[in-house]
Structure formats: C-alpha cells, structure tokens
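For reference, the chains in residue letters:
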Amino acid sequence: MIMHHLLLDQVNQSFPGGLPDNEQLRQFLFNVSETYNNLEQVVTPEEWVPDSCCQGPKKEKAKSVTPLPFPDTLLLFDADNNILCCSLGKGFESFADREYHQQPLEVVPFVHDATVFTEVLNKAVSSEDILSFDYQLESSEGKQHIEARIYAYPGGTVAVLRDVSELRLAESLRRDSYQRAKNTQEQLMQVFSSAPVAMMVCDEQGEITMVNTYAEAHYGLMAEQLIGKTAEALISPASLPRYRDLAEQVLTGDLNNMGYIGVHADIEVRTPTGRRFLAEVGFSRIFYMGRPWLAHTFADITERKRLESELRILASTDPLTGALNRRQFLLNAEREVNSARRHGQALSLVVMDVDWFKTINDNFGHAAGDAVLKEMVAILSTILRQQDQLGRLGGEEFAVLLPGTEIAAAERVAERFRTCLDDARIEHQGEVIKLTASFGVAGLCREYDQFFDIINAADDALYEAKSRGRNRVACAEL
Ligand SMILES: Nc1nc2c(ncn2[C@@H]2O[C@H](COP(=O)(O)OP(=O)(O)OP(=O)(O)O)[C@@H](O)[C@H]2O)c(=O)[nH]1
C-alpha cells in the first residue's frame, strides 16, 4: 500500500514499534490514505483570493490564512463507538492532555455534541458514502471551525476531523471580495451608462466595445450599430490624422504626475446617419486584460464654437460699422508691421477722417451721421483686398492697413477711396447726404520702421490734407 508521506509520519508517531498485524487497521489506513490523497488538491491562497477580487490589506490577510490542514485528527471507533485509536492533528494540540484510547465518545472534548456525532457514526455504518458535516468548537484556542468526515470500515468507523477555521475564513474573505468586486462593477456600469456625457470604449484594435445611453440618446451613436465597428468610422476624413495621432499618443504615452493619461481635442464626428458635428473628444487609456484600450467622451461643441466666434467678433469690432475696433486694429497693425519688417516686405497705412462731419450731424441729425459712417465703411470694404484691414480709430476717423503695399500704391488706393466717397450719395430717411473725406498715407521705411512712427506720419499727412482744403490725399514726407 502506498501511503501518503504525511500519513506515514502520523502512523510512525502513533505506532513507534511498528504497525500491528491487524487487517482492520490496514483497511482503516487504506481508507485514510485515500482521503489524504484527496487532500493533495487543497487550493493555494492565490486561487482562493484572485487579484480581481481584492487588493491591499485584505488580500494580504487572506494570504496569511493559507489553509494548511495537515495533519488531520483521526479517531478510530469500534462497532460500539468506543475509541480504538486517536491521533490529534493540527489545531487540536490543546486536547493532548488526556488519554482517549478505549474511551466513549462522550469524553472527547473536541466533539461538539456526542449524541449528534454518534448518530452520524451509526449512519455511516449503513452508508457506502463518506458522511461529512461541519461544527463549531469553543476551546482554549477560541472558536474553531471543524469539518468532520465519517466512514465505516469492516469493524467500526473512522472520523477524520480537520480544523478548517482558516480555510473558512479564507472562503468568507473570498466571498466578500468577490461580492465587493461585483458591487463595484455594477456601480461602474451604472456610472458609465447613466453618465450625462457621451462615452465609448474601444479595444486595442480600435473596435468599439461599449457605448453609453447618453451617446445613443443625444448623438444617435447606437450601440447595436457601432459595437464591433472601428471608432475611426465615426471620424470625418479631415479629422482622421489628428484622431490617429492622439489615439496613438494616449495608448503608448506615459502617465502624467497625477497618474493618468488623457487629452481633449476638437474633432469632427460623423454619425452612422450622416450627421456631422464638431465635438470635443476626450481620449483616456484604460487597461483591460493587460492591454491598453481607449475610453472616449464626446461633447457637441458646435453651439459653443458659434458663441465663441460671436464673442470674438463682438470683442474685436466696432458695433456701429463692423470695422475692427481701435484696440484690435492697433494689435493687428503692430503684428503686421513687425512681420513685414522681419520679412523685408512693404506695408502702408492710410488714415482717413470724414470732412465736416459735425455739419452732417448738425444738418441731418446724429442717426444720419451714424448711417453715413456705416455706409462709408461698406463702400470702403468693397475696395479692400482680403489681407487689408479696416479699423475705426475713433469718431469719424478710420485707418486702413495695406500689407505688401508700397507707399505709391497705397496713395493710389487712398485716391480710390476718396473718389468713391466723393461720388457716393447716401440716402437716409428721404434725405440724400453727400460726403468727402481726407486721407494721410505713410509706409514702412527706414525712417518709419515702428508702427508708432508710421501712424504718426500718416496722421501728420492727414492734417496736411485737411489744411490744404480737405477731400484730398497727402503722403507722409520723408
Ligand atoms: N453721428 C455720429 N457722430 C459722431 C460719431 N463719433 C463722432 N461723431 C461726431 O463727429 C464730429 C466730429 O467733428 P469735428 O472733430 O469737429 O470734425 P469735422 O466736423 O469732421 O471737421 P473736420 O474733421 O475738420 O473736417 C463730432 O460732432 C462728433 O460728435 C458717431 O459715432 N456718430
């Protein structure tokens, strides 16, 4: 008979003089040996407490209660339930202070209830199976959880008792951890599906695996149409290179000092129904089964962009005429002058002032004056090229910046402005209003190489035009 080494140790302990020649005992040992071989299959703590279930101190605790049930306590009974042999195993050390041989079950302190125990022993005699049950034991060691297995042999019964307190604790920790993990998962799924922001998850190949309710309800990104398709199918061709760049960056990049990697970008999205909208798309990385996946958020920013552009226009233009306001014109002009100087390109500035505007106001009223200013800007705008910039410096004074234009050409442009205005007949509430304007022209040159110099020179030229009788163009003197 091949005997498990742990059983052999116990047998040697119990029978230091050698095994008696007793068939019943042999049979008994054979049965016990079978049990021991089954015990080989005791699982490891890692199996009891998998990583996905719990982490940290709980996991450490679960590991520390590694089930190590060997050796078991063995009780061999005769047909009258008297103890023939007793070998105490792990967890039963405190009961080693007495003799159990030939004693009735009632005297055994590690049996919780002798009556119940006896019933099971008797039942085992007529059963082919191993009967098993658990019981709690209060001992000097504290509360112990004992698993009992009873089976019959030709001359009586055998009870194998094992202290499974640690095992049960591990099981309970595992159950708790599993339940917690399940709860957390349910909570996260609820957060995902009910979040008031469109969300989508893509696997490492970029295939969509999840779409939340908000994305379905607000953007028509229906999960059943999208799952299994690639996220790139939702991106407009023009935005695709940027999308790919960012996806790659997030999938392979390093975490920031706050422990995550995520970016946002304005990307044009195209839904399966063909609707296109500008979205702020969030990219973040999640790890699933050891591989990096992408989690996206989407927000339609079409309206926000429209408002932003409206605000930009409001902040940079004159509300009456639509020309750039003074602040924006000066900012742009300064930038253009610096750029022209750096690149050695020509640039000219025309400043203009309506002649006798006070008289227009006085004769036709302030509203008519306003209408004249508006109409005048409309007339000038038809003459300007795309790169030219028209600004209202204040009152009835305007300026036009002409990048890439030499002063001689700028003088011709100013002359065109002048004749167009001179020819204009502006109608306001049945009245026809005529106007003229005076112009001063200056250009970027060695003498005037800062915007400040150029505008001063153009102003001087305008003064000159005014003083020479108005409705004329004057160029800055060098
Ligand atoms: N209607 C109207 N008038 C304005 C506006 N801004 C300034 N003005 C008026 O424009 C007039 C400018 O008058 P002046 O500075 O004397 O110049 P002018 O009458 O054009 O005379 P010159 O420039 O010397 O030819 C003032 O009466 C201002 O009140 C505006 O937005 N709308």
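Residues numbered from 1 in each chain as written. Predicted model: local features only at pLDDT ≥ 70, side-chain atom pairs only at ≥ 80, totals over all residues. Heavy atoms only, no water.

What about the pattern of salt bridges?
As enumerated under the stated definition, the model contains 27 salt bridges in all. Taking the shortest distance from any N to any O, the salt bridge between K434 and D422 comes out at 3.1 Å. Here the residue K434 occupies a position in strand β15 (residues 431-434), and D422 occupies one in helix α14 (residues 407-423), the gap between them amounting to 12 residues. Connected through salt bridges with shared partners, the residues D134, E147, R149, R168 and E171 form a single ionic network. (Salt bridge = Lys/Arg side-chain N within 4 Å of Asp/Glu carboxyl O. Helix = DSSP H or I, 4+ residues; strand = E, 2+ residues; numbered from the N terminus.)

Considerations on the sheet that holds strand β1 (residues 73-78)
Pairing in this open sheet of five strands is antiparallel, and the strands run β2-β1-β5-β4-β3 from one edge to the other. Each edge of the open sheet is held by one strand with a lone partner, namely β2 (83-87) and β3 (131-139). Sheet twist, expressed as the mean angle between neighbouring strand axes with direction ignored, is 20°. Of the pairings in the sheet, the one linking strand β4 (residues 142-153) to strand β5 (residues 156-163) comprises eight bridges and is antiparallel in character. The residue of β5 that forms the bridge with I146 is D163. (Pairing = 2+ DSSP bridges. Axes fitted to C-alpha atoms, helices over the stretch in contact; angles between N-to-C directions.)

A closer look at the confidence of the model for the protein chain
In the predicted model, the protein chain carries a mean pLDDT of 88, and the fraction of residues at 70 or more is 92%. Under a pLDDT of 50 for its full length, residues 40-55 has, in the predicted model, 28 contacts with residues more than four places off or in other chains. Within the model, the stretch residues 61-69 combines pLDDT values under 50 with 18 contacts to residues more than four positions away or in other chains. The complex model carries a pTM of 0.57, and its ipTM stands at 0.96. (pLDDT = per-residue confidence, 0-100. Contact = heavy atoms within 4.5 Å.)

Things to note about helix α1 (residues 5-14)
Since the α-helix packs 3.6 residues into each turn, any two residues three or four apart lie on the same face. All of the buried residues along α1 are L7, Q10 and V11. Take α1 and look down its axis: the buried residues cluster within an arc of 100°, on one side only. α1 presents H5 and Q13 as exposed residues on the side facing more than 90 degrees away from its buried surface. (Buried < 20%, exposed > 50% of the residue type's maximum accessible area, 1.4 Å probe, protein only. Arc of directions from axis to C-beta.)

Regarding helix α6 (residues 165-194)
End to end, α6 covers 43 Å across 30 residues, agreeing with the expected 44 Å (1.5 Å per residue, within 8%). Restricting attention to buried positions, one finds in α6 the residues L167, R168, A170, E171, L173, S177 and F192. (Expected span 1.5 Å × (residues − 1).)

Some points on the site of the ligand
Residues in close proximity to the ligand total 16 residues, the closest being W356, F357, K358, D370 and R392. Between an oxygen atom of the ligand and a side-chain N or O atom of R392, the distance comes to 2.6 Å. When isolated, the ligand has an accessible area of 660 Å², and the protein chains bury 67% of it. The element best represented in the shell around the ligand is helix α13 (residues 366-383), accounting for four residues. (Near = heavy atom within 4 Å. Polar contact = N/O pair within 3.5 Å; in protein donor to acceptor, adjacent residues only side chain to side chain. Areas by Shrake-Rupley, 256 points an atom, 1.4 Å probe, with all protein chains shown as cover.)

Description of the state of the cysteines
Counting across every chain of the model gives zero disulfides. Cysteine C86 is unpaired, with the sulfur of C85 as its nearest cysteine sulfur at 7.1 Å. Using a relative accessible area of 25% as the deciding quantity, one classes C86 as partly exposed. (Disulfide = S-S within 2.5 Å.)

Details of the sheet that holds strand β13 (residues 397-403)
The strand order β12-β13-β11-β16-β17 describes an open sheet built from five strands, whose pairing is mixed. Only two strands of the sheet have a single partner each, and these edge strands are β12 (389-394) and β17 (473-475). Ignoring strand direction, the axes of neighbouring strands in this sheet form an average angle of 20°. Of the pairings in the sheet, the one linking β12 to β13 comprises five bridges and is antiparallel in character. Bridging across to β13, R392 finds its partner in F398. Against the sheet, helix α15 (residues 451-467) makes contact with β11 (347-354), β12, β13, β16 (437-443) and β17, and its axis sits at roughly 145° relative to β16, the strand it touches most.

Some words on the packing of α13 against α14
The geometry of α13 relative to α14 is characterised by a closest axis approach of 10 Å and an angle of 135° between their N-to-C directions. In this view, α13 runs oblique relative to α14, as classed from their interaxial angle. Here α13 and α14 pass one another in a crossing that is right-handed. Contact residues: M376, I379, L380 and I383 in α13; R416, F417, C420 and L421 in α14. The residue makeup of the contact of α13 with α14, split by class, is seven nonpolar, no polar and one charged. (Parallel < 35°, antiparallel > 145°, perpendicular 65-115°, else oblique. Left-handed = near helix turned anticlockwise from the far one by under 90°. Nonpolar A, V, L, I, M, F, W, Y, C, P; charged D, E, K, R; others polar.)

Quick word on the packing of aromatic side chains
Going through the model one piece at a time under the given rule, you end up with 12 aromatic pairs. Here the aromatic rings of F92 and F110 are separated by 5.3 Å at their centres, their planes lie at 85°, and the arrangement is edge-to-face. Pair noted here: F92 is in the loop between β2 and α5 (114-125) and F110 is in the loop between β2 and α5, with a separation of 18 residues, a long-range link. Under the relative-accessibility criterion, F110 is labelled buried at 0%. Each residue in the set F92, F95, Y100 and F110 is aromatic and connected to the rest through ring pairs, giving one cluster. R470 extends its terminal NZ or CZ atom over the ring of W356, reaching a point 3.7 Å from the ring centre. (Phe/Tyr/Trp six-rings, centres within 6.5 Å; stacked < 30°, edge-to-face > 60°. Lys NZ or Arg CZ within 6 Å of the ring centre and 35° of its normal.)

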